[in-house]
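# Coordinate inspection notes
Here is what each chain is made of, one letter per residue.
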Amino acid sequence: MTRALPAPVEALVRERAVEPGPLLWLTGAGISAESGIPTFRGPEGYWKVGSRNYHPQQLATRAAFGAMPDEVWAWYLYRRAVCRAAEPNAAHHALVELEERIGPRFRLITQNVDGLHQRAGTKRVYAIHGNIDEMRAVSGRVTAPIPAGIPTDWPKGRALTAADRDLLQVEARPARPHVLWFDECYDEEHFHFDSSLRAAAEASLLVVVGTTGATNLPMQVGMLCARHGTPSIVINPEPNPFSEVVERSGLGIFLQGTAGEWVPALAAAAAEAYAPTP
Ligand code: APR
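Let me begin by describing the structure that accompanies this report. Note that the coordinates shown come from a computational prediction; the quantities given were computed from them, not determined experimentally.

Parameters at a glance
- Residues numbered from 1 in each chain as written.
- Predicted model: local features only at pLDDT ≥ 70, side-chain atom pairs only at ≥ 80, totals over all residues.
- Heavy atoms only, no water.
- Axes fitted to C-alpha atoms, helices over the stretch in contact; angles between N-to-C directions.
- Helix = DSSP H or I, 4+ residues; strand = E, 2+ residues; numbered from the N terminus.
- Parallel < 35°, antiparallel > 145°, perpendicular 65-115°, else oblique.
- Left-handed = near helix turned anticlockwise from the far one by under 90°.
- Contact = heavy atoms within 4.5 Å.
- Nonpolar A, V, L, I, M, F, W, Y, C, P; charged D, E, K, R; others polar.
- Buried < 20%, exposed > 50% of the residue type's maximum accessible area, 1.4 Å probe, protein only.
- Pairing = 2+ DSSP bridges.

On to the packing of helix α10 (residues 193–202) against helix α11 (residues 216–227), then. Where α10 meets α11, the axes come as close as 8 Å, and the angle between the chain directions of the two elements is 25°. By the angle between their axes, α10 is roughly parallel relative to α11. The element α10 and its partner α11 pack so that their crossing is right-handed. For the pair α10 and α11, contact is made by F193, S196, L197, A200 and A201 and by L217, Q220, V221, L224 and C225, respectively. Across the contact of α10 with α11, the residue classes tally to eight nonpolar, two polar and no charged.

Written out as structure tokens, the structure reads:
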């Protein structure tokens, strides 16, 4: 349940709101945990192909897709079904209300491919790891929604049929999930690399929610803010690299707990502090 913000957090938000620049949020799988979507590095992430158990970091690669495209597609279509069955939670909704109040001063970078921020109604969002509801041509840049003929309730273990394979094409070419894989690089066109770094450089305050900080661009965002002297508020039930930076540098505050406990109260305080005065 939502908790009352400690006074130093309220003071920090008020202090930073008078500085120029956006209030930048960075979210990871933890913000969707209370919607029932397993986190990436949690125990539910594993996937069986034949008799072998794969870790998500082995499957979410261009190399795995090259070697076994049907199996990797089936894994994504199952994960997409899990995301489709989930609903945005109080933390997603709180960010929508905040954006409605502070408009262009709101910015969100999400690592989540589940689309819950977008379904809740957030508009200013950079989905830096793609979107599980989309695909793109393997040899090309065109993206498209996953076709309506592909079941949205794909059960665990269901294999692709020939009809599925026919549907998973963009402009008559084989398609792949529109997500960023571990053996690939960020770019601006699909993954908002430059825009994210610009938002970090300009931010007045960074709020990091529910991420282990295991991927490259989020860590760069955190480091860039720290180099600019921009404080962070870190929300996570566990300490992580972002909370360690905050605790080591004194630049910001670690709020230990879940997104549901802290995000609604923090978003409400930020709405008061960052809203334009009439
Ligand atoms: N509220 C807030 N945080 C939570 C909650 C919760 N209810 N439950 C778990 N967490 C935290 C965990 O403590 C952990 O730090 O969320 C984090 C989830 O970490 P990961 O599963 O590693 O997810 P994430 O950091 O988003 O992964 C980053 O890695 O593999 C890639 O592309 C994939 O986007 C993903 C990226």
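Within the element layout of this structure, G50 appears in the loop between β2 (47–49) and β3 (52–54). A residue is classified by how much of its surface remains accessible, and G50, at 67% relative accessible area, is exposed. Spatially, the C-alpha atoms of G50 and R80 are 21 Å apart, while their sequence positions differ by 30 residues.

What follows deals with the sheet that holds strand β5 (residues 125–127). If you trace the six strands from one edge of the open sheet to the other, you get β5-β4-β1-β10-β11-β12, paired in parallel fashion. Looking at the sheet topology across the chains shown, the edges are occupied by β5 and β12 (252–256). On average, adjacent strands in this sheet sit at an angle of 15° to one another, irrespective of strand direction. Relative to strand β11 (residues 232–236), strand β10 (residues 205–209) runs parallel, the two sharing four bridges. The residue of β11 that forms the bridge with V207 is I233. Helix α12 (residues 241–249) rests against β1 (23–27), β10, β11 and β12 of the sheet, and its axis sits at about 135° to β12.

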